[in-house]
Amino acid sequence: MPKKVCVAMSGGVDSSVAAALLVSRGFSVEGVTMRLWGDADRDIADAARVADFLGFPHIVLDLRPAFRAQVVTPFVGAYLGGLTPNPCVVCNREIKFGALYTYARERGCDFLSTGHYARVTLFDGAYLIARGRYPRKDQSYVLYHLPPEVRARILLPLGTLSKPQVRRLAREWALPVAARPDSQDICFIPDGDYADFVEREAALSVRPGDLLDTAGAVVGRHQGFWRYTVGQRRGFSGGFPDGPRFVLSTDPARNTVTVGKNDEVFSERLTVRGLVWATDRHGSRLDTKIRYSARAAASAVTQTGPDSAEVVFDAPQRAVTPGQSAVFYDGDRVVGGGTIVRASV
């Protein structure tokens, strides 16, 4: 009897090709589209068309209350706390590989599959997330926190493919969504304007405040601390004849933003909380990735408490941002990570 797989289908090309690959490999596939935010009718319709085309059932799962409570509300709260969170990390932990994984198991599915560009590898008896073979689309960073029981029961068919290869397969199989463009932004902020979204959700009005230099002197004005993140260079006033200034930190309590020169945006070390390890079989010399789009950098990682660690980089890193995840790699394998709470020279 073929193994049963629940495939998370967004209506896009990636998840559709993932489903088609599993069908071609003899799995019994069931498609599920999660209704998470706003108008998802097009996504649902496209996913249903693909499921019908490939000949497997399709279900819509309404997870809007959970998504708001576990992803959107914490996202807004983090911004108002002076952090810059990555909601995709939380969504994957709580929704895709949390609520949806539970649903799939309750449906009797042997596996859950998604269109992530990452791999699952068996290393020293444990299933670990590993980088996708196509560096430009690698999504292993957002999966660092998956527990071992989930890692053992997920299938990631796109992990060895490039985006052009996925597009080509979609065309060769004449999938109904083969020409659909990729989505680029966070699903609940399609225009990419995080600050406006936070203001709407929290019913905020613009709160101008002081722009400070590292000595605490007022050097300009800003439009509300939540509109700024570490490394940002635009959106504030002030004359700087000796060169541009970049955001170093924000202070929600005082509604201030501190700026400095470019060389002051670099940090040699950081602290993480919420530390998780995927395996105990790792050394202290690891590559650390400080944001989804960053390159992993050589570092020394030292656990300092039950859920905390200190990371010291071989070379200073630019714009280490509290609220983002620091993810640890041993070669291609993801071995752990946590949330950045502090960076320092």
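Scroll up to find the structure this text is about.
Predicted model, so just to flag it, every value in this text is computed and none were measured.

Student: What am I meant to see in the sheet that holds strand S1 (residues 4–8) here?
Tutor: Whether parallel or antiparallel, the strands of a sheet pair through hydrogen bonds between backbone atoms. With parallel pairing, the 5 strands of this open sheet are ordered in space as S3-S2-S1-S4-S7. Looking at the sheet topology across the chains shown, the edges are occupied by strand S3 (58–62) and strand S7 (154–155). Note that strand S2 (residues 28–35) and S3 share 5 bridges and pair parallel. Bridging across to S3, threonine 33 finds its partner in valine 60. Taken strand by strand, helix H4 (residues 87–106) contacts S1, S2, S3, strand S4 (111–113) and S7, and its axis lies near 130 degrees from that of S2.

Student: Any chance you could explain unusual backbone geometry here in plain terms?
Tutor: Of all residues except glycine, most have a negative phi; of all peptide bonds, most are trans. The phi torsion at aspartate 124 lies on the positive side, around 55 degrees, for a residue other than glycine. Turning to its location among the elements, aspartate 124 is positioned in the loop between strand S5 (118–123) and strand S6 (126–131). In the Ramachandran plot, alanine 174 falls in the positive-phi region, its phi being about 55 degrees despite a non-glycine side chain. Accessibility expressed as a relative area gives 46% for alanine 174, which makes it partly exposed.

Student: Could you clarify how one ought to interpret the sheet that holds strand S8 (residues 209–212) in this entry?
Tutor: The sheet built from 4 strands is open, its strands ordered S9-S8-S11-S10 with mixed pairing. Because the sheet does not close on itself, it has two edges, and the strands there are strand S9 (218–222) and strand S10 (246–251). Along the sheet, successive strands turn relative to each other by an average axial angle of 30 degrees, direction set aside. Both S8 and S9 contribute to a ladder of 4 bridges, which runs antiparallel. Each bridged residue has a counterpart across the sheet, and for leucine 212 the counterpart in S9 is valine 218.

Student: I would appreciate a short explanation of the pairing of strand S17 (residues 333–344) in the present structure.
Tutor: Side-chain direction in a regular strand flips from residue to residue, so the side chains alternate between the two faces of the sheet. Of the pairings in the sheet, the one linking strand S12 (residues 266–277) to S17 comprises 7 bridges and is antiparallel in character. From the neighbouring strand, threonine 271 faces S17, where its bridge partner is arginine 342. Pairing analysis gives 6 bridges linking strand S16 (residues 325–330) to S17, with the strands arranged antiparallel. Residue pairing for S17: valine 327 is matched across the bridge by glycine 337.

Student: What is the right way to look at the packing of aromatic side chains in this model?
Tutor: Aromatic ring pairs are reported here in terms of the distance separating the ring centres and the angle at which the planes meet. Under the counting rule described, the total for this entry stands at 15 aromatic pairs. Judged by centre distance (5.3 Å) and plane angle (85 degrees), the rings of phenylalanine 75 and phenylalanine 188 are edge-to-face. Here phenylalanine 75 is found in helix H3 (residues 64–80), whereas its partner phenylalanine 188 is found in the loop between helix H6 (163–172) and helix H7 (194–202), with 113 residues between them in sequence. Across this residue pair, the class does not change: phenylalanine 75 and phenylalanine 188 are buried. Ring centres of tyrosine 79 and tyrosine 194 lie 6.4 Å apart, and the angle between their planes is 75 degrees; this geometry places the pair in the edge-to-face category. Of this pair, tyrosine 79 sits in helix H3 while tyrosine 194 is found in helix H7, placing the two residues 115 residues apart along the sequence. In this structure tyrosine 79 comes out as buried when scored by relative accessible area, which is 7%. A relative accessible area of 29% means that tyrosine 194 is categorised as partly exposed.

Student: Got a minute to help me understand the side chain of threonine 288 in this structure?
Tutor: With respect to the helices, strands and loops of the structure, threonine 288 is situated in strand S13 (residues 285–289). Separated by 2.8 Å, the side chains of threonine 288 and serine 299 make a polar contact. Sequence-distant contacts of threonine 288, that is, excluding residues within four places in its chain, are made with Arg295, Ala296, Ala297, Ser299, Val301, Val311, Phe313, Ala326, Val327 and Phe328.

Student: In this structure, what is going on with the pattern of salt bridges? I would like to understand it.
Tutor: Scanning the entire structure with this criterion turns up 26 salt bridges. Lysine 4 is the salt-bridge partner of glutamate 30, the closest N and O atoms lying 3.9 Å from each other. Taken together, the residues glutamate 30 in strand S2 and lysine 4 in strand S1 connect sequence positions 26 residues apart. Its relative accessible area of 4% is what places glutamate 30 among the buried residues. With relative accessibility at 24%, the residue lysine 4 sits in the partly exposed group. When the shortest N-O distance is used, the salt bridge between arginine 227 and aspartate 196 registers 2.6 Å. Here arginine 227, found in the loop between S9 and S10, pairs with aspartate 196, found in helix H7; they are 31 residues apart in sequence, far enough to count as distant.

Rules of the game
- Residues numbered from 1 in each chain as written.
- Predicted model: local features only at pLDDT ≥ 70, side-chain atom pairs only at ≥ 80, totals over all residues.
- Heavy atoms only, no water.
- Pairing = 2+ DSSP bridges.
- Helix = DSSP H or I, 4+ residues; strand = E, 2+ residues; numbered from the N terminus.
- Contact = heavy atoms within 4.5 Å.
- Axes fitted to C-alpha atoms, helices over the stretch in contact; angles between N-to-C directions.
- Buried < 20%, exposed > 50% of the residue type's maximum accessible area, 1.4 Å probe, protein only.
- Phe/Tyr/Trp six-rings, centres within 6.5 Å; stacked < 30°, edge-to-face > 60°.
- Polar contact = N/O pair within 3.5 Å; in protein donor to acceptor, adjacent residues only side chain to side chain.
- Salt bridge = Lys/Arg side-chain N within 4 Å of Asp/Glu carboxyl O.

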